[in-house]
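Structural features, examined
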Amino acid sequence: MNLLAEIEQGIDNLLSESPYTLGSEQRCKRLLELLKAEIAYACERHSAYANYIAHWPIDFRNAERIADLPYLPVGVFKANPPLSLVTSEKVKRTLSSSATTGQVPSRIVLDAATSRRMGKGALTIVRDFIGPARRPYLVIDTPENLAAQGQIGARGAAIQALRSFATEIVCCIEPVPDGGSHLDVDRLLASAAQWKDSEVLVYGFTYVIWTQFIQTLKQRGIQLNLPNARILHSGGWKRLQQLAVTREAFNRDVASVFGCPTASVIDYYGMVENVGVIYPDCEYGNKHVPAFAEIMVRDPLTLEPVKPGEKGLIQVCSVLPTSFPGFLLLTEDTAELISDEGCPCGRKGPSFRFAGRVPKAEIRGCGNLESTRQKPAEMVGVA
Amino acid sequence: MITTDLIHAVDSAQEITAAANRLRAVVHEEEISPNAVFDIFERWSAALAASDLQEVPGLAFLRLWLRRGTLEPIVLRELGANTLSGGWWQDGRARLRTFPLGVVGHWPAANIEIQPILSLTCALLAGNGCLVRVPRGLVEVTRLLTEKLQEADTLGLLTRRLFMASFDPSRTDLQEAMAQSVDGAMIWGGAESVSQLRRLPFPHWSRLLVFGPRVSAAAMDAKTWGNREERASWCRRIARDVWQFDQQACSSPQTLFLERAESCDVSEFVEHLKKAFEEENRAHPRSEIEPSLTSAISLVRASWLLKGDGNAAVFPASPDWTILLGTGATMPNPTQGRTLTVLVVEDLLDAISKFDGTLQTLGLGIADAAREEIVTRAAATNGVDRIVKLGRMHVFSSPWDGTELIRPLTRVVRHVQSQD
């Protein structure tokens, strides 16, 4: 069996496990060997990546823990062309991150196998949180994001990852000719009336749900009466924080509009670079790591993994990609490690809570040459 | 010795205006000669030497700076012997005399612990009063350093001329009040802060000395870096220059250019540099780091190596330090955080020809004086203001950034007697 075939076999074995039943020790042991094989495979396929690995201070072949394996910072996926381990004709889809204005988005390439695993990974995780049943799927977004193929943004990827749960799909945001969009309230109400007490899956980006969905319905005093709706959302809180919307207020208002318990509103953390892995909040507010992945929270001072109760930079690990070297990624996000093993919710493995984005690195002091091309909004001074 | 806190937490524009008025009154009423300032500074230097502040980054430089032996030649060169002896001097039928500007405002950068002090010493030597905005992160260290001034200045000759203010930098009203109250300013810092501070409503007569933003580089000829016997010593010097001020100063080397030598192995040199970095890191480990800097260091390591093209790097698993090795004559964007890019270049002049006014200091290691003369001239022509031996890149002196530090804070008054 060649190296890739061995890797694919290993990934499939982990994907077939129940996602949160393996203990940390057992999971890490299996992941370590698989990740080493994936690094070796990527080195064969990409000479520049091999150059990076060759200069890592610890030889990955001798590493005894995942923490010592060479990781890439997610920023390298902003490179053009994107880092790829497959030839261009094998690229089935290119996913791009939801970069804010002025930022360069990350781009990752998926071949058929990685794309398939991405779907299966997300499915396995979501199933553990909402159950296996297929149900109506309400997308709080425009149909374009559902239909996108080839080059897909983070929103499109997240929406499409859940479509296998759907018996039918309704997109309730409509584009308007001026380039904006609005909530199609009539369509939404018609669907809600039809679904009533059924289980319903709802997904939207956090700020889209708040700004375009909840605000519109609240203003019009509309409640959807969908007590069995499960609302998944992602995309981060930055814009809502700017609007001074707390997580509690968000959950309360969303639950109120749907007429469901607040526990049915589930925030999850994820990024396109960590393909096929998402981290929904459990009922205790913690995020968990599936069998085919690992997470580490690293102390920014030492880059060593922190102990439970401490905060640091999030490193995500996933065995799923073989089309790009996204196995071990140091993110630009921070988290608190809650536990090395287990959670009152019953899920095994480490648990963590997202703490925030790392602010953009700035060159400091009198060695800062970055010129001010934009007029700043407020006086910043020198401290 | 009872000391009062010289740093005031300021919350209103009126406090700043009142302080500036008090300082101006002191300057008008009490002239102070450079000699009197030298004496107090000398005692201040001694008090710092005897203090437990030795771990303050740059303290050794500050102590040296405050010595009469350092400052007297600078004042002599900038202001002339007449100023030191006091009074007027003849200039044809007129007579001339140096007067202070009045009140000088200081906006030091937040990344250099001793910079508020260095800045105000220049204005005091010119006889001015000083209104200093102390960056929030430097309040404590500045307080400790100025307590030693209070010990040395028992009569309060200099402390009467100081008002140090601490306030939120986003308080535009306070920044504006400070600018409106001064006759001159010394502004230090990065691009963003300097640009904003220059836009403050200074009086039209005020003189602004703006320092920053700049970066610095180092360069060695083949004979020097190829010399095995002296290599360790040169590497220690480079490490010292990188570590000082956590590589955030305008005088911190970000790139080291090595002139190619067929007979010398650059990886051997980098091995020595690695040892020097490890040693320096043991002596001066970081106690904290911004997560964004850790991210930036991780990214530059990966981006550099993913470029391929023979790029190499040496770094530990931690973000403590990084050496990036490659070829080329163009300085990459600095990362700071003790990240030194070592570039092998065919001829040092290839790299120097690409310099512009953004480059402040060039640290040199060149074996031959004639060759150094050529390199120095080329660097100076291309905008470099300081060309010094490696290991001395941060030694503060006048001129700085190509500008004298004391004379611009004075006015030379011309008097033609009306009786003539």
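Residues numbered from 1 in each chain as written. Chains lettered and ligands numbered in written order. Predicted model: local features only at pLDDT ≥ 70, side-chain atom pairs only at ≥ 80, totals over all residues.

1. Overview of the confidence of the model for chain B
The following threshold applies: As a per-residue measure, pLDDT tells how confident the predictor is, with possible values from 0 to 100.
Mean pLDDT for chain B: 94, with 99% of residues reaching 70 or above. For this predicted complex, the interface score ipTM comes out at 0.89, while the overall pTM is 0.87.

2. A closer look at the packing of helix H2 (residues 34–49) of chain B against helix H4 (residues 68–79) of chain B
All names here are of chain B. Stated precisely, the cut-off is as follows: Axis lines are fitted to C-alpha atoms, over the contacting stretch for helices. Their N-to-C directions set the angle, which ranges from 0 to 180 degrees. For helices the rule is a DSSP run of H or I covering at least 4 residues; for strands it is a run of E covering at least 2, with both sets numbered from the N terminus onward. In these notes the angle categories are as follows: under 35 degrees is roughly parallel, over 145 is roughly antiparallel, 65 to 115 is roughly perpendicular, and the rest is oblique. Left-handed describes a crossing whose near helix is turned anticlockwise from the far helix through less than a right angle; right-handed describes the clockwise counterpart. Working definition of a contact: two residues with C-beta atoms, positioned from the backbone, lying within 7 Å. Throughout this entry, Asp, Glu, Lys and Arg are counted as charged residues, while Ala, Val, Leu, Ile, Met, Phe, Trp, Tyr, Cys and Pro are counted as nonpolar. The remaining residues, Gly among them, count as polar.
For the pair H2 and H4, the least separation of the axes is 10 Å and the interaxial angle reads 155 degrees. By the angle between their axes, H2 is roughly antiparallel relative to H4. Here H2 and H4 pass one another in a crossing that is right-handed. Across the interface between the two elements, Pro34, Phe38, Phe41 and Glu42 from H2 touch Arg68, Leu71, Glu72 and Val75 from H4. Of the residues contributing to the contact of H2 with H4, the split by class is five nonpolar, no polar and three charged.

3. Some thoughts on the interface of chain B and chain A
Across the boundary between the two partners, chain B contributes 58 residues, which contact 41 residues of chain A. Of all the elements in the fold, those that place two or more residues in the side of chain B that touches chain A are helix H8 (172–180), helix H9 (191–198), helix H13 (291–306) and strand S11 (312–314) of chain B. For the side of chain B that touches chain A, the class distribution of residues is 29 nonpolar, 23 polar and six charged.

4. Digging into the domain arrangement of chain A
Residues and elements named next belong to chain A. Basically, it comes down to this: Just so you know, the domain bounds were taken from an automatic or database domain assignment.
Under the domain assignment, chain A is made up of domain 1 (3–76 + 287–357) and domain 2 (117–269). Placing a centre on the C-alpha atoms of domain 1 and another on those of domain 2 gives a separation of 29 Å. Taken together, the ten residues of domain 1 in the interface contact nine residues of domain 2. Listing elements by their share of the side of domain 1 that touches domain 2, those giving two or more residues are helix H1 (3–15) and strand S17 (351–357). In terms of residue class, the side of domain 1 that touches domain 2 is built from eight nonpolar, no polar and two charged.

5. Structural notes on the domain arrangement of chain B
Residue and element names in this part refer to chain B. Taken as a whole, chain B is organised into domain 1 (7–212 + 401–415) and domain 2 (215–389). Look at where the C-alpha atoms of domain 1 and domain 2 centre, and you get two points 33 Å apart. In this assembly, seven residues from domain 1 lie in contact with seven residues from domain 2. Taken together, the residues that form the side of domain 1 that touches domain 2 break down as two nonpolar, four polar and one charged.

6. Brief notes about helix H12 (residues 266–283) of chain B
Residue and element names in this part refer to chain B. Selection criterion: In a helix, the anticipated span is given by 1.5 Å times the number of residues less one. Comment: burial labels come from other C-beta atoms within 10 Å of the residue's own C-beta, placed from the backbone, where a count of 20 or more is buried, 12 or fewer is exposed, and between is partly exposed. In this context, the arc is that of the directions from the helix axis out to the C-beta atoms.
Given a rise of 1.5 Å per residue, 18 residues ought to cover 26 Å, and the 26 Å separating the end C-alpha atoms of H12 matches this to within 8%. Among the residues of H12, Phe269, Val270, Leu273, Ala276, Phe277 and Glu280 are the ones counted as buried. One side of H12 carries all its buried residues, which in axial view fall inside an arc of 120 degrees. In H12, the exposed positions that point more than 90 degrees away from the buried face belong to Ser267 and Arg282. The secondary structure elements touched by the buried residues of H12 are helix H10 (222–225), helix H11 (228–243), strand S10 (253–259), S11, strand S12 (322–327) and strand S13 (339–345).

7. A look at unusual backbone geometry
A cis geometry characterises the amide bond from Asn80 of chain A onward to Pro81 of chain A, with omega recorded as 0 degrees. Checked against the element boundaries, Pro81 of chain A lands in the loop between strand S1 (72–73) and strand S2 (93–96). For the peptide bond that leads from Ser398 of chain B to Pro399 of chain B, omega is 0 degrees, which places it in the cis range. The residue Pro399 of chain B is located in the loop between strand S15 (386–389) and strand S16 (410–415) in this model. Positive phi, close to 60 degrees, is recorded for Gln247 of chain B, a residue that is not glycine. Inspection of the secondary structure puts Gln247 of chain B in the loop between H11 and S10. Taking the number of C-beta atoms within 10 Å as the measure of exposure, Gln247 of chain B has 24 and is therefore buried. Look at Gln336 of chain B: it is not a glycine, yet its phi comes out positive at around 65 degrees. Within the secondary structure, Gln336 of chain B sits in the loop between S12 and S13. For Gln336 of chain B, a count of 26 C-beta atoms within 10 Å puts it in the buried group.

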